[in-house]
Amino acid sequence: AQTVTQSQPEMSVQEAETVTLSCTYDTSESNYYLFWYKQPPSRQMILVIRQEAYKQQNATENRFSVNFQKAAKSFSLKISDSQLGDTAMYFCAYTTSGTYKYIFGTGTRLKVLA
Amino acid sequence: DTGVSQNPRHKITKRGQNVTFRCDPISEHNRLYWYRQTLGQGPEFLTYFQNEAQLEKSRLLSDRFSAERPKGSFSTLEIQRTEQGDSAMYLCASRAYTEAFFGQGTRLTVV
């Protein structure tokens, strides 16, 4: 079965510091996609960054980058220069091109401290 | 606004009543999903449409739940004879390629 595990229920980081959120997944598929979604309090979920499994290069989006370790089935998110607006729930998610379901982890609540 | 729209945003209902939620996806997206999210948890898959066809229903979706997507446009999710355990955020998402876009959700409270 395909599963996504986020082992850090809550984290905090000082403003301007760097924080890394962990995610592991389990799949037997070879072609899949991984995502980090951000869900601010009482607001909709938005995509932060995505990674195609066939790409060896780690994805980056401004202050957000991932460390994708395919063999270890690990997909961590690094947030550099943390800002107060980064305070949110962060969900790791997985989907494949052959299916249609997103499978989400349980989330990590990140609080950025002033 | 061309994002995914969900109505209502909040719904409080008495146990045993029926409720219906609506989702308007991004217009060019042919895939539409319903998810349920309880406090402190990640979204759980409920059902999926490709155009007007409902291709899969989760085991989480009991007989009291029904979803439709007439003409492959908007979708409705109906819960009959609501129970307190149905209290949750119901999320709709639409997708054209790999990225899913989410609505703001409908928060259901069953009292």
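Residues numbered from 1 in each chain as written. Chains lettered and ligands numbered in written order. Predicted model: local features only at pLDDT ≥ 70, side-chain atom pairs only at ≥ 80, totals over all residues. Heavy atoms only, no water.

Participant: Got a minute to help me understand the overall build of chain B in this structure?
Facilitator: Counting secondary structure elements, chain B contains zero helices and eleven strands. Its helices and strands in sequence order give chain B the pattern β-β-β-β-β-β-β-β-β-β-β, from N to C terminus. Relative to the globule expectation of 13 Å for 111 residues, the C-alpha radius of gyration of chain B, 13 Å, shows essentially globular dimensions. Across its three principal axes, chain B shows a C-alpha extent of roughly 40 × 25 × 20 Å. Scored against the burial criterion, the 111 residues of chain B give a buried share of 47%. Residue pairs at least 24 apart in sequence account for 51% of intrachain contacts in chain B once pairs closer than 6 positions are excluded. For chain B, the accessible area works out to roughly 5,700 Å², and carbon and sulfur atoms hold 44% of it. Separation of charge centres in chain B, based on 15 positive and 12 negative side chains, amounts to 5 Å. (Helix = DSSP H or I, 4+ residues; strand = E, 2+ residues; numbered from the N terminus. Rg over C-alpha atoms; globule rule 2.2 N^0.38 Å. Buried < 20%, exposed > 50% of the residue type's maximum accessible area, 1.4 Å probe, protein only. Contact = heavy atoms within 4.5 Å. Areas by Shrake-Rupley, 256 points an atom, 1.4 Å probe, with all protein chains shown as cover. Lys, Arg positive; Asp, Glu negative; His and termini not counted. Charge placed at Lys NZ, Arg CZ, Asp CG, Glu CD.)

Participant: Looking at this model, I keep getting lost on unusual backbone geometry. Mind explaining?
Facilitator: Peptide bonds are mostly trans, and most non-glycine residues show a negative phi. Following Asn7 of chain B, the chain continues into Pro8 of chain B via a peptide bond in cis, with omega recorded as -10°. Locating Pro8 of chain B in the fold gives a position in the loop between strand 1 (5–7) and strand 2 (10–13). Not every positive phi belongs to a glycine, and Lys73 of chain A is a case in point at roughly 55°. By the secondary structure assignment, Lys73 of chain A is in the loop between strand 8 (64–69) and strand 9 (74–79). The phi dihedral of Arg81 of chain B falls on the positive side, at around 50°, and the residue is not glycine. With respect to the helices and strands, Arg81 of chain B occurs in the loop between strand 8 (75–79) and strand 9 (88–95). For Arg81 of chain B, a relative accessible area of 47% corresponds to the partly exposed category.

Participant: How should I be thinking about the environment of Glu99 of chain B in this particular structure?
Facilitator: Tracing the chain through its elements places Glu99 of chain B in the loop between strand 9 and strand 10 (100–102). Spatially, the C-alpha atom of Glu99 of chain B lies 21 Å from that of Ser58 of chain B, the residues being 41 residues apart in sequence. If near-sequence neighbours (up to four positions away) are discounted, Glu99 of chain B is found in contact with Phe35, Tyr37, Leu47, Arg50 and Tyr102 of chain A together with Ser94 of chain B.

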